[in-house]
Amino acid sequence: MTEKHIVLEDIDPVMLYGAANGHLNIIQSLYPKLRIVARGNVLRVLGDQEEMERFEHTIEQIRQHLLKYNIISDEDIIDIINGHKTKADGVQGVIVYSISGRPIKARSENQQRLVEAYEKEDMVFAIGPAGTGKTYTAIALAVKALKEKTARKIILCRPAVEAGEKLGFLPGDMKDKIDPYLQPLYDALEDMLPQVKLQEMMERKVIQIAPLAFMRGRTLSDAVVILDEAQNTTPAQIRMFLTRMGWNTKMIVTGDLTQVDLPKGQRSGLREAYDLLHDIEGISFIEMNQKDIVRHKLVTRIVNAYERYDRDRQDIKRYEIDPHDVGASKSRENE
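This section reports on the structure supplied with the text. (Residues numbered from 1 in each chain as written. Predicted model: local features only at pLDDT ≥ 70, side-chain atom pairs only at ≥ 80, totals over all residues. Heavy atoms only, no water.)

A closer look at the sheet that holds strand β1 (residues 2-7)
Within a sheet, each strand pairs with its neighbour through backbone hydrogen bonds, oriented either parallel or antiparallel.
Then step 1. The three strands are arranged β1-β3-β2 in an open sheet whose pairing can be described as antiparallel. If you trace the sheet from one side to the other, it starts and ends with β1 and β2 (34-39), each paired once. With direction set aside, neighbouring strand axes in the sheet form an average angle of 15 degrees.
Then step 2. Across the face of the sheet, helix α2 (residues 22-30) comes into contact with β2 and β3 (42-47) while running at roughly 160 degrees to β2.
Then step 3. Running at roughly 10 degrees to β1, helix α3 (residues 49-69) makes contact with β1, β2 and β3 of the sheet. (Pairing = 2+ DSSP bridges. Helix = DSSP H or I, 4+ residues; strand = E, 2+ residues; numbered from the N terminus. Axes fitted to C-alpha atoms, helices over the stretch in contact; angles between N-to-C directions. Contact = heavy atoms within 4.5 Å.)

What to know about the packing of helix α5 (residues 109-120) against helix α6 (residues 134-147)
Then step 1. Viewed as axis vectors pointing N to C, α5 and α6 meet at an angle of 35 degrees, and their least axial separation amounts to 10 Å. Every pair of crossing elements has a handedness; the one defined by α5 and α6 is right-handed. Across from Gln111, Leu114, Val115, Tyr118 and Glu119 in α5, the residues of α6 making contact are Lys134, Thr137, Leu141, Lys144 and Ala145.
Then step 2. A class-by-class count of the residues in the contact of α5 with α6 yields five nonpolar, two polar and three charged. (Left-handed = near helix turned anticlockwise from the far one by under 90°. Nonpolar A, V, L, I, M, F, W, Y, C, P; charged D, E, K, R; others polar.)

Observations regarding the sheet that holds strand β10 (residues 250-255)
Then step 1. Ordered by their spatial adjacency, six strands build an open sheet running β8-β7-β9-β10-β6-β11, and the pairing between neighbours is parallel. The open sheet is flanked by β8 (207-211) and β11 (283-287), the only strands paired with a single partner. The average undirected angle you get between the axes of adjacent strands in this sheet is 15 degrees.
Then step 2. The sheet contact formed by strand β6 (residues 123-127) and β11 spans five bridges and is parallel. Across the sheet, residue Ala126 finds its bridge partner in β11, namely Ile286.

Some details on the pairing of β2
Then step 1. Direction of pairing for β2 relative to β3: antiparallel, over a ladder of six bridges. Of the residues in β3, the one forming a bridge with Arg39 is Val42.

Structural notes on helix α4 (residues 74-81)
Then step 1. Those residues of α4 not exposed but buried are Asp76, Ile77, Asp79, Ile80 and Ile81.
Then step 2. Looking at the buried side of α4, the elements it contacts are α2 and α3.
Then step 3. In the segment just after α4, Gly83 is the residue with positive phi, at about 80 degrees. (Buried < 20%, exposed > 50% of the residue type's maximum accessible area, 1.4 Å probe, protein only.)

What about a nonpolar patch on the surface?
Then step 1. Taken together, the side chains of Leu298, Ile302, Tyr306 and Tyr309 make up a nonpolar region of the molecular surface, amounting to roughly 440 Å² of accessible area.
Then step 2. Considering the arrangement of structural elements, one finds Leu298 in helix α11 (residues 297-319).
Then step 3. By relative accessible area, which is 42% here, Leu298 ends up partly exposed. (Patch = residues over 30% accessible without salt bridge, like charges linked within 9 Å, V, L, I, M, F, W, Y side chains within 5 Å. Areas by Shrake-Rupley, 256 points an atom, 1.4 Å probe, with all protein chains shown as cover. Salt bridge = Lys/Arg side-chain N within 4 Å of Asp/Glu carboxyl O.)

Topic: the side chain of Asn70
Then step 1. You can see Asn70 is positioned in the loop between α3 and α4.
Then step 2. Judged by relative accessible area, which is 3%, Asn70 ranks as buried.
Then step 3. With residues near it in sequence (within four places) discarded, Asn70 still touches Met15, His65, Tyr97, Ser98, Ile99, Lys147, Met192 and Pro194.

Brief notes about the nonpolar core
Then step 1. Counting residues in hydrophobic clusters, the biggest one holds 32 residues, and the most contacted among them are Ile139, Leu189, Ile207 and Ile209.
Then step 2. Elements supplying a minimum of two residues to this core: β4 (94-97), α5, α6, β7 (153-158), α7 (174-192), α8 (195-203), β8 and β9 (223-227).
Then step 3. In terms of residues, this core owes the most to one element, α6, which gives eight residues.
Then step 4. Here Ile209 is in contact with Leu156, Leu182, Leu185, Tyr186, Leu189 and Met202, once residues within four sequence places are set aside. (Core = buried A, V, L, I, M, F, W, Y, C linked by side-chain atoms within 4.5 Å.)

Given below as structure tokens:
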């Protein structure tokens, strides 16, 4: 009789075992010559040598399935053991899978352009209105790189700028103070990585989330680095950020030039970067629009209404008479 201990290091063992050990019971029934005992993340297996080898192969396939799809069903386990393809294997164009097993992929033409630009270039700018999936798609690409081991870490940052309201002094330690600004990034990650795995990755600094100010002095190598809400950077900040790029690193910069929350008169760093870097080889700019909005249908209507309002205001300003010009013309009339 052979005995082996299999350690489940990079997956949540609960997902493999199933509710009330349901998955484990199915596996046990299909390997009658083995005795399988689960303790935490360790499987203790006793029994026939030949069947033990087939069992190890099965567990490795299940592990790979969970790493890719984040979920597994009884039917998937039976298909894997019988050497058949699972239902999820036939889906095309998937970036990653959500924790519920939902395929995450480009949902518009410009989202697909973002995916293709990321594959070709080391630096990509995604600029467009709210709801176009800029941040979500960028984080999906980063999670994919981590899973495929083409990057060793993900670094996500945002400028800590309040959207039109003063929050005052926030309580707690540094993490408590910056978390409100970074919550949209947490939301996307929590949709793509199991909670236990995400927490472990953050504790090991495999996934790092920080305000933009914390990037100064760093060289970011072997990573996917995402700067979100870049319209709220100053020219000095975005210049500092872009020059942090190290070897084997990809950068994705996202922003919406219609939602700048900087003090009045302060030029957006994203606007300046767009003007300066638009024709630089190795950098792609993907411009998104209302057709790419993937949130509630009302978001498209709201974006359209505000864009019409902005255009109307620009037209009014264009035809307004400068008060100084009026004064000058009156002086000439008096003469």
